[in-house]
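# Per-entry structural report
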Amino acid sequence: MGRGPRRPAIACGGQVVDDAGSMARPSVHPGTLVDVAVQLHRDEAAELAALAERDRAVGLQLGAEADTAADPAARARWLVRWLDALPGASRSGGAALTTVGLGAVLLGLLLGYGVARAVLYYDGSHPVNVVHVLVVFVVLQALTLVLFVVAAWPGRRGARGQAGGGLPEALRRLGPGRWVAGLTRLLPADFFASEVRDALERMTGRGDAHGVLYGRVQKWQLLAWSQAFALAFNIGAIAGAVQLIVGSDLAFGWSTTLDVDERAMKRLTDTLSLPWAWAWEGAVPDDGTIAATRTFRAETFGGDAGAAGVFTKWWPFVLMCMVTYGLLPRVVTWAVSRARLRAAAGRALGLLPGGDAVLRRMTRPRVATRAAGHEAGNAGASTGPAEPVEIAPPTDRVACVVRWAAAPLPAGADDTSVLDAGGGATLADDRAALRQAQARSVAAGPGAAVVVRVKAWEPPLGELIDFLRELRGGVAEGAPIEVSPAGDGDRVVWRDRLTRVGDPWLRLVGEAE
């Protein structure tokens, strides 16, 4: 089914369904994703025999079968169970994210309370202008909701794998979620474990090279923190307003330089009151209140005790506007962001490099070792600032082979289905090879690798790196891309350059034995 030649080597992970497929993705707390990534990072320093014994014991305890990792959703669910059953596993990811989230809530509460106190400030010389209240707590709220929709709008995945881009990406980077994420830099260095801090940095988008795997998690984590901040802002503002209403004699009026008469103001207040007018008539200003409370700065505010009552009749309307157009929409956007974040975390967990190796160890009584000391599936699981590309044996499932700049093929290889690109090929030829490679990868499934054959003695130039990034944008999700250098050359140079690409499924492979 569109597959190229097969080579004997260690098997790839299980089948992975496409993100647009019908397989439902599990809802996973993002802290669990952090904890699994941290544990995989720890496992990189352990002996393979010890890992095999440990994970096989866990697999027997959980009743794992050979087809456990049949798809990313199942893989994510089994990794959660594996982590729960693993003695001494990391459990600090959820606490770290909760700590950062509490920072967003605290900041929002304080700012909302302060803004309400400023907007509703009244010293007896002039009433609180209802128009100012509506601008801050209705108009600006509506504007920020529009910005949330733009920032949350699904975008096309780029060559580096990040979701969205342009204006939505800029809004996420400028939003409160980014401010809160930046607060982690102000915490003491030992506040979080270094491996947990590194994982948090990936999830908050400070490591853009990891967008291939964490792009959606980054997006929804920042939006969830932004909406937690906005929700807390409105709670703080309402608390400040209630305190002033109950603890002082606030007087409200309305004034504007614009040509707005009492009838236009009545129409505006009636429209804004539609959600609650049926339940609380007292929260809908009547004609007499609107006419009596229009004020002008050029006039002296009398504060006559006999007329003071009419100036206080605005408070139910003001409070209901803050609840209806500020608080309630933020409850919805926060809930949506949290749900989408958990779905994105489940997706990333199912595709996490190294997870398939864990599940293979859970279901295999014996695991063959090799000189490198680690399974190929462990490559890229590190949570450090950069994930070194492992020099690993090739996988046994190949979707297609791309020969870059006429690089020699292995002895006995069938070159009838090889795609040629780079070197003397034209740009149109490169594009055609790119499209064919992507189509064959999608047809073969994510378990099959796209092999790019290169000349080891030539340095990895920008043209090849651009090709690899473009290739990632259209292959099956989670499919390995294996760069196979032919001949003698410095493979460390190749490994270091490929590491900077930031693709967790990009591998540098040696010759098949």
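One structure accompanies this document, and this report is about it. (Residues numbered from 1 in each chain as written. Predicted model: local features only at pLDDT ≥ 70, side-chain atom pairs only at ≥ 80, totals over all residues. Heavy atoms only, no water.)

## Digging into a nonpolar patch on the surface
What counts is decided by this rule: Grouping into patches uses exposed residues only, defined as over 30% relative accessible area, and leaves out salt-bridged ones; the cut-off is 9 Å for like charges and 5 Å for nonpolar side chains (Val, Leu, Ile, Met, Phe, Trp, Tyr). Accessible surface area values rest on a Shrake-Rupley calculation with a 1.4 Å probe, where residue burial reflects the displayed protein chains alone. Any carboxyl oxygen of Asp or Glu within 4 Å of a side-chain nitrogen of Lys or Arg constitutes a salt bridge here. Helix and strand definitions here come from DSSP, where helices need a minimum of 4 consecutive H or I residues and strands a minimum of 2 consecutive E residues; each element is numbered from the N-terminal end. Accessible area is worked out with a 1.4 Å probe on protein chains only. A residue is then buried under 20% of its type maximum, exposed over 50%, and partly exposed in between.
On the surface, a nonpolar cluster with roughly 400 Å² of combined accessible area is contributed by Val 135, Val 139, Leu 140, Leu 143 and Leu 147. Tracing the sequence through the fold places Leu 140 in helix α5 (residues 130–152). With a relative accessible area of 41%, Leu 140 lands in the partly exposed category.

## Points about the environment of Gly 31
Applicable threshold: Residue contacts are defined here by distance: any two heavy atoms, one from each residue, within 4.5 Å place the two residues in contact.
The residue Gly 31 is located in helix α1 (residues 30–43) in this model. Sequence-wise, Gly 31 and Ala 345 are 314 residues apart; in three dimensions their C-alpha atoms are separated by 8.8 Å. Beyond its immediate sequence surroundings of up to four residues, Gly 31 is in contact with Gly 93, Gly 94 and Leu 97.

## Section: the nonpolar core
Across soluble globular proteins, nonpolar side chains show a tendency to be buried alongside one another. Which entries qualify depends on this criterion: Each nonpolar core is a collection of buried residues, namely Ala, Val, Leu, Ile, Met, Phe, Trp, Tyr and Cys, held together in the definition by side-chain atoms within 4.5 Å.
Leu 33, Trp 82, Leu 349, Leu 352 and Met 362 are the most contacted members of the largest nonpolar core, which totals 36 residues. Among the secondary structure elements, those contributing two or more residues to this core are α1, α2 (48–62), α3 (72–85), α5, α9 (211–247), α13 (315–350) and α14 (355–363). Not counting chain neighbours up to four residues away, the residues in contact with Trp 82 comprise Val 36, Gln 39, Leu 40, Asp 43, Arg 54, Asp 55, Val 58, Leu 62, Val 358 and Met 362. Membership of the second largest hydrophobic core comes to 33 residues, among which are Ile 238, Trp 276, Val 284 and Phe 317.

## Let's talk about helix α10 (residues 262–272)
In an α-helix, one turn spans 3.6 residues, which is why side chains three or four residues apart end up on the same side. For clarity, the threshold we go by: Arc, as used here, means the arc of the directions from the helix axis to the C-beta atoms. In protein, a polar contact means a hydrogen-donor-capable atom and an acceptor-capable atom, both N or O and within 3.5 Å, with residues adjacent in sequence counting only if both atoms are side-chain atoms; elsewhere, any N or O pair within 3.5 Å suffices.
For α10, the full list of buried residues reads Met 265, Lys 266, Thr 269 and Leu 272. Looking down the long axis of α10, one finds its buried residues gathered within 130° of arc, a one-sided arrangement. Along α10, the residues that are exposed and aim more than 90 degrees away from the buried face are Arg 263 and Arg 267. Summarising the contacts, the buried residues of α10 are in contact with α5, α11 (287–292) and α13. If you check the start of α10, you find a side-chain oxygen 3.3 Å away from the backbone N of Arg 263, and it comes from Asp 261.

## What about the pattern of salt bridges?
Evaluated as defined, the whole model comprises nine salt bridges. Linking Asp 43 and Arg 54 is a salt bridge whose minimum nitrogen-to-oxygen distance equals 2.9 Å. Of this pair, Asp 43 sits in helix α1 while Arg 54 sits in helix α2, and the two are eleven residues apart along the sequence. For Arg 54, a relative accessible area of 22% puts it in the partly exposed group. Notably, a salt bridge pairs Arg 263 with Asp 261, separated by 3.6 Å at the nearest N-O pair. With relative accessibility at 28%, the residue Asp 261 sits in the partly exposed group. Linked through salt bridges whose partners overlap, the residues forming this network are Asp 43, Arg 54, Asp 55 and Arg 361.

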